[in-house]
Amino acid sequence: MNGSRIAALGHYQPARVLTNEDLAGMVDTSDEWITSRVGIRTRHIAGPDEPVDELAAHAAAKALAAAGLTPADIDLVLVATSTAVDRSPNMAARVAARLGIPSPAAMDVNVVCAGFTHALATADHAVRADAATRALVIGADKMSDVTDWTDRTTCVLVGDGAGAAVVEASEEPGIGPVLWGSVPEMGHAVRIEGTPSRFAQEGQSVYRWATTQLPSVARRACERSGLAPADLAAVVLHQANLRIIEPLAQKIGAVNAVVAKDVSDSGNTSAASIPLAFSKLVERGEITTGDPVLLFGFGGNLSYAGQVVRCP
């Protein structure tokens with residue numbers, strides 16, 4: 001085998017939906033204020049009895065079913081998250097226990113909003129190096145746990161959820177080379193810190209960085225796969241807000257691509273946002289098997305990671 005591919009996807013969101021009108025009853029805001037500034041209408045919020053590993057396990061189970069596999073077929077579990085409450089056992093081990101995966105390597109990847117694309121690259125590398133046969137790669141975050149619900153600048157942004165991919169060996173590479181990096185000296189621009197931990201960001205700094213510095217990085221990720229942006233069937237960016245997604249997608253030059261805009265319905269779900277949006281595009285039939293799709297995560301740590309994958 002010369003590469004790896006995404007065999008199947010799955011996603012999960014909690015049942016509770018929090019609307020802009022609901023938020024207007026909690027803080028000084030309005031539906032018009034939120035939609036005009038970030039393009040979000042609704043978001044899903046997990047309950048106190050729905051931990052991150054439960055969200056992740058639901059999405060992973062759907063991906064396994066879609067791939068026609070059993071838990072025993074998996075030997076690597078990677079969970080991208082920044083909202084784990086406990087240090088040990090990690091989320092990957094807890095997901096493996098929930099699903100009954102017998103003896104996998106189990107690791108968490110904390111690169112916040114770019115976590116899933118980092119974890120996907122790691123799984124690709126492991127499978128191609130023959131260190132794993134099949135991997136579950138999951139992005140899952142419960143942002144509601146780290147949100148100050150009295151701060152209207154951040155509470156309107158966030159949502160909870162999970163998305164998962166099954167990665168397996170393939171004769172033809174279905175996951176392109178990753179392009180990743182960070183701007184460590186600006187890591188303070190997006191934070192989840194303190195006791196209790198709270199999400200905070202410097203919105204204008206993140207906006208300027210994303211819309212001016214990242215388009216060329218995303219184009220280089222395409223080049224690494226031997227494709228021009230115009231060849232892409234879809235672009236799935238981290239679902240931060242529409243004011244970032246729309247100009248970034250336009251500057252990449254993917255003129256023929258479907259652009260995922262799940263942020264409108266799901267809010268910013270951090271590491272879950274890319275697999276969640278990608279899985280929904282596939283489920284709705286907006287892209288088909290073999291289509292080239294750019295996945296591009298960015299945000300916390302001012303990290304980024306992107307690769308072109310083939311639609312399962």
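Residues numbered from 1 in each chain as written. Predicted model: local features only at pLDDT ≥ 70, side-chain atom pairs only at ≥ 80, totals over all residues. Heavy atoms only, no water.

1. Digging into unusual backbone geometry
Residue Pro89 is reached from Ser88 by a cis peptide bond, and omega for that bond is 0 degrees. The residue Pro89 is located in the loop between strand E4 (76-80) and helix H4 (91-99) in this model. In the segment running from Thr195 into Pro196, the intervening peptide bond is cis, with an omega of 0 degrees. With respect to the helices, strands and loops of the structure, Pro196 is situated in the loop between strand E9 (190-193) and strand E10 (198-201). Within the chain, Asp130 stands out as a residue other than glycine whose phi angle is a positive 65 degrees. Within the secondary structure, Asp130 sits in the loop between helix H5 (115-128) and strand E6 (134-142). Here Asp130 falls in the exposed class, since its relative accessible area comes to 67%. The phi dihedral of Leu302 is positive, around 50 degrees, even though this residue is not glycine. Positionally, Leu302 belongs in the loop between strand E13 (292-299) and strand E14 (303-310). Judged by its relative accessible area of 0%, Leu302 is buried. (Helix = DSSP H or I, 4+ residues; strand = E, 2+ residues; numbered from the N terminus. Buried < 20%, exposed > 50% of the residue type's maximum accessible area, 1.4 Å probe, protein only.)

2. Details of the nonpolar core
Core analysis: the biggest nonpolar cluster contains 46 residues, and Leu214, Leu232, Leu237, Leu294, Phe296 and Phe298 have the highest contact counts within it. Elements with a minimum of two residues in this core: helix H2 (31-38), helix H7 (203-212), helix H8 (214-224), strand E11 (234-237), helix H9 (242-252), E13 and E14. Looking at which element gives the most residues to this core, the answer is H9, with six residues. If we ignore the near neighbours within four places in the chain, the residues touching Phe298 are Cys113, Ala114, Trp209, Ala210, Leu214, Leu237, His238, Ala240, Ile244, Leu248, Ser303 and Tyr304. Judged by nonpolar contacts, the second largest core, of 33 residues, contains Leu78, Val109, Ala132 and Ala165. (Core = buried A, V, L, I, M, F, W, Y, C linked by side-chain atoms within 4.5 Å. Contact = heavy atoms within 4.5 Å.)

3. What to know about the sheet that holds E13
What links the strands of a sheet is backbone hydrogen bonding, and the strands pair in either a parallel or an antiparallel sense. Taken in spatial order, the five strands of this open sheet run E8-E14-E13-E11-E12, and their pairing is mixed. A strand with exactly one partner marks an edge of an open sheet, and here the two such strands are strand E8 (179-182) and strand E12 (258-259). The pairing of E11 with E13 spans four bridges and is parallel. In the strand pairing of E13, Val235 is matched with Leu294. Where helix H11 (residues 273-283) meets the sheet, its contacts fall on E11, E12, E13 and E14, and the angle it forms with E11 comes to roughly 150 degrees. (Pairing = 2+ DSSP bridges. Axes fitted to C-alpha atoms, helices over the stretch in contact; angles between N-to-C directions.)

4. Concerning the sheet that holds strand E1 (residues 3-12)
Taken in spatial order, the five strands of this open sheet run E1-E7-E6-E4-E5, and their pairing is mixed. A single partner strand is all that each edge strand has here, and the edge strands are E1 and strand E5 (105-109). Averaged over all pairs of adjacent strands, the angle between strand axes in this sheet comes to 20 degrees, irrespective of strand direction. Of the pairings in the sheet, the one linking E1 to strand E7 (residues 160-170) comprises nine bridges and is antiparallel in character. Paired with Arg5 across the two strands is Glu168, which belongs to E7. Against the sheet, H5 engages E1, E4, E5, E6 and E7, with an angle of about 165 degrees to E4. Lying over the sheet, H11 contacts E1, E6 and E7, oriented at roughly 90 degrees with respect to E1.

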